[in-house]
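# Structure assessment
If you want the building blocks of each chain, they are given just below.
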Amino acid sequence: MGGNLMRGGPPGGADTAGARLDAERQPASTPRTVGVIWGLLVLNTLGSAGAQTIIALPRSLIQLVTMGSLVGAFALALALNLRLRIQAGAYLLLLTLLLVPSVISSAHLESGFGALFRCTRLALFVGTLWLLSRWWDGGPTFVRHHIRMYFAVLASVAAGLVVSPGAAMPDLYGGRLVGALWPLTPPQIGQYAAVIIGLAVLLVLDRRTDRASAAVVIVPSFALLALTHTRTATLGLFIGLALAIGSLVLTSAAARRFFTWTVLCATVAAVGFSSALQTWFLRGQSKENFSNLTGREKVWDALLAAPRTTSEQLFGVGLGDKSFGGLPIDNSWLAVYNEQGLTGIGLVVAIIIVLAGVALLRPPSLSRACAIFLISYCAIASYTEAGLGDASPYLLHLAVAASLLAAPAATPPATPAAPRRHLPRWAKDRR
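Conventions used here
Residues numbered from 1 in each chain as written. Predicted model: local features only at pLDDT ≥ 70, side-chain atom pairs only at ≥ 80, totals over all residues. Heavy atoms only, no water. Helix = DSSP H or I, 4+ residues; strand = E, 2+ residues; numbered from the N terminus. Buried < 20%, exposed > 50% of the residue type's maximum accessible area, 1.4 Å probe, protein only. Contact = heavy atoms within 4.5 Å. Areas by Shrake-Rupley, 256 points an atom, 1.4 Å probe, with all protein chains shown as cover. Axes fitted to C-alpha atoms, helices over the stretch in contact; angles between N-to-C directions. Parallel < 35°, antiparallel > 145°, perpendicular 65-115°, else oblique. Left-handed = near helix turned anticlockwise from the far one by under 90°. Nonpolar A, V, L, I, M, F, W, Y, C, P; charged D, E, K, R; others polar. 1 Å grid on protein atoms, 1.4 Å probe; cavity = no way out; pocket = protein on both sides within 12 Å on 5 of 7 lines; lining within 4 Å. Points joined across faces, edges and corners; volume = space filled by probe spheres on them. Phe/Tyr/Trp six-rings, centres within 6.5 Å; stacked < 30°, edge-to-face > 60°. Expected span 1.5 Å × (residues − 1). Polar contact = N/O pair within 3.5 Å; in protein donor to acceptor, adjacent residues only side chain to side chain.

## Some remarks on the overall build of the protein chain
Along its length, the protein chain carries 21 helices and 2 strands. Split into buried and exposed, the 431 residues of the protein chain put 45% on the buried side. Within the protein chain, contacts between residues separated by at least 24 positions form 75% of all contacts whose residues are at least 6 apart in sequence. Element-wise, carbon and sulfur atoms account for 66% of the exposed surface of the protein chain, whose accessible area totals about 21,400 Å².

Take a look at the structure:
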C-alpha cells in the first residue's frame, strides 16, 4: 500500500525520495560476482591428486591454483560484503565450531606443518561461506550456480575424453573415466555428475527451467556417470531423488507422474537388463573383493585398532590427506574421527541432523526437495567417501542445502506516505 502511494505521489523530490525508500526495503539481489566466487570455491575443492593428465601438470602448480582460488574467493566475498552483513545459521555455526578440534589437534604437529596449512584453508573456506550467507534467501540461486560450475568441470572431462580416450580411461583405473585435462578421479566425476543430474531433474519438475535446457545437462552428465562406474554416486543419485521427489508427491502432479514412470522404467530395466547391470555394478571385481568394499574394510579395521591417547580420541591427530598408513580412508566418519576425534564426529552428526530436521519441518517446495536431495546424497556418500570434516565438495553441497533452507532476511514494513495536502486553485496559481 505504501509503495503504491509513493508511486502516485507528486513529481520531483518527493517521488524520488519515495522510490529510494522503496529500493531500500527490497531484499538485495544476488550480484553476478557471487557466481564467480562460487566457481572459485568449486575450483579449490577439486583437489590436486588424481589421474595422469594429457599435459603433465606439476602438483605444486595445481595446489597454487586451488589455494589461490580460495584466497581470491575470500577477497572477492569480502569486497562484496564490506559491511559484513551475514545471516547466522546452524550450519555455519557448527562448521565454525569444527575449526576448534581441527586447530587443537593440528597444533601438536603430529601430521606436520601441512595440518596448520589445512586449518588455514578450512578457516578461509568457512569465512567465505559466512560472507556469502548474506544472499542465502531460500531461493534456487545457489542451485543454479552449483549446476553451472560443476557442469563446466564435467565439460572439461568430456573434452579430455574426446582429445585422448586412452588417457581419459586408463587401465590403471580399470578403464573407468578420469580427468585427462585436470587430475580428477572416477569417484569425483561420478559425484559431480550425480549431484547436478539430481538438481536439474528437480528444477525441471518444478518448471524452473525448460526440458531442453535440463536435457543438455542431464543426458551428457548421465553418460559420464555411467563411464565412471561409480556405485556410490549412482546409489546416492537414485535414493536422494526418490526421497526428494517423494517430498513433492502430495503437492505436485508432475512429481507424481515422474515418480510413477521412474519406478516403472526401473522395474523393466532391472528385469530386462539384470545381467548387464550386475556386470556394470561389479566392475569386474570378485565377490570377495566387492564384499569388503575394495579393501576399504582392512584400512578401517586398522584405523580403529590403532592405539590413541585421550587427546587423540577427543580431538584427533590433525587435518591430513584423509589417509591412514599410506592408504585412503574413504569414509567421512572415520576420517573425521582420525583427524578431529569424537568432538569432530559429534559436530558433523549435528550438521546432518540439524539440516535434515529443518528440511523435514518445512512445507513441500522446490527448495525443500533440493535440500533433501543434497543432504541425503552426502549422508549416503559419506560411507565410502571422505570430506565432511574439511573443505570439500560435500561441504559445498551442504552449503547449498543450507541456503535453500534459510529464511529470507526480514525487511522493515513499508511506512505509509503522508497524505498530500489539498491546495485551493488560487494557491496553486500563485505558486
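After that view, the rundown keeps rolling.
## Describing the packing of helix H10 (residues 186-205) against helix H19 (residues 366-381)
Where H10 meets H19, the closest approach of the two axes is 10 Å, and the angle between their N-to-C directions is 160°. Overall, the two elements H10 and H19 adopt an arrangement that is roughly antiparallel. The two elements H10 and H19 meet at a crossing, and its hand is right-handed. Across the interface between the two elements, Gly190, Gln191, Ala194, Val195, Gly198, Leu199, Leu202 and Leu203 of H10 pack against Leu366, Ala369, Cys370, Phe373, Leu374 and Tyr377 of H19. Here the residues of the contact of H10 with H19 sort into 11 nonpolar, 3 polar and no charged.

## Points about the layout of surface pockets
In this structure, the second largest pocket encloses a volume near 1,200 Å³. Lining of the second largest pocket is provided by 38 residues; of these, Phe222, Phe238, Leu241, Phe258 and Thr262 occupy positions nearest its centre. Elements with a minimum of two residues in the lining of the second largest pocket: H10, helix H11 (211-228), helix H12 (231-246), helix H13 (253-272) and helix H14 (274-282). The greatest single-element share of the lining of the second largest pocket, amounting to 11 residues, is contributed by H13.

## Remarks on unusual backbone geometry
Phi is positive for Arg207, close to 60°, though the residue is something other than glycine. Along the chain, Arg207 falls in the loop between H10 and H11. Notably, Lys322 is not glycine yet its phi reads approximately 60°, a positive angle.

## Concerning the packing of aromatic side chains
Two aromatic rings, taken as a pair, are described by how far apart their centres are and by the angle between their planes. Evaluation of the coordinates by the stated rule reveals 5 aromatic pairs. Judged by centre distance (5.4 Å) and plane angle (70°), the rings of Trp300 and Tyr383 are edge-to-face. Taken together, the positions of Trp300 in helix H16 (residues 296-305) and Tyr383 in the loop between H19 and helix H20 (393-405) put the pair 83 residues apart, joining distant regions of the chain. Under the relative-accessibility criterion, Trp300 is labelled buried at 7%. A relative accessible area of 46% places Tyr383 in the partly exposed class. Three or more aromatic residues joined by ring pairs make a cluster, and in this case those are Trp38, Trp136 and Phe142.

## Some details on helix H3 (residues 33-44)
Structurally, the α-helix is built with 3.6 residues per turn, so residues lying three or four positions apart point the same way. For H3, spanning 12 residues, the distance from its first C-alpha to its last is 17 Å, which sits close to the expected 16 Å at 1.5 Å a residue. For H3, the set of buried residues is Val34, Gly35, Ile37, Trp38, Gly39, Leu41, Val42 and Asn44. Against the buried residues of H3 lie helix H4 (59-80), helix H7 (114-132), helix H8 (141-163) and H20.

## Considering the side chain of Thr128
Mapping Thr128 onto the fold places it in helix H7. The class of Thr128 is buried, set by a relative accessible area of 0%.

## Quick notes on the side chain of Ser221
Topologically, Ser221 is positioned in helix H11. At 2.6 Å, the side chain of Ser221 and the backbone oxygen of Val217 are in polar contact. Setting aside chain neighbours within four positions, we find Ser221 in contact with Phe151, Leu154, Ala193, Ile196 and Ile197.

## Focus on empty space enclosed by the protein
Enumeration according to the criterion identifies 1 cavity of 30 Å³ or more in this entry. Estimated volume of the largest cavity: approximately 30 Å³. In terms of lining, the largest cavity is formed by Pro187, Gln191, Thr230, Thr232, Ala233, Tyr377, Ala381, Glu385 and Tyr394. Counting residues per element, the ones that place at least two in the lining of the largest cavity are H10, H12 and H19. Taken together, the residues that form the lining of the largest cavity break down as 5 nonpolar, 3 polar and 1 charged.

As far as function goes, none of this settles anything; it's purely spatial.
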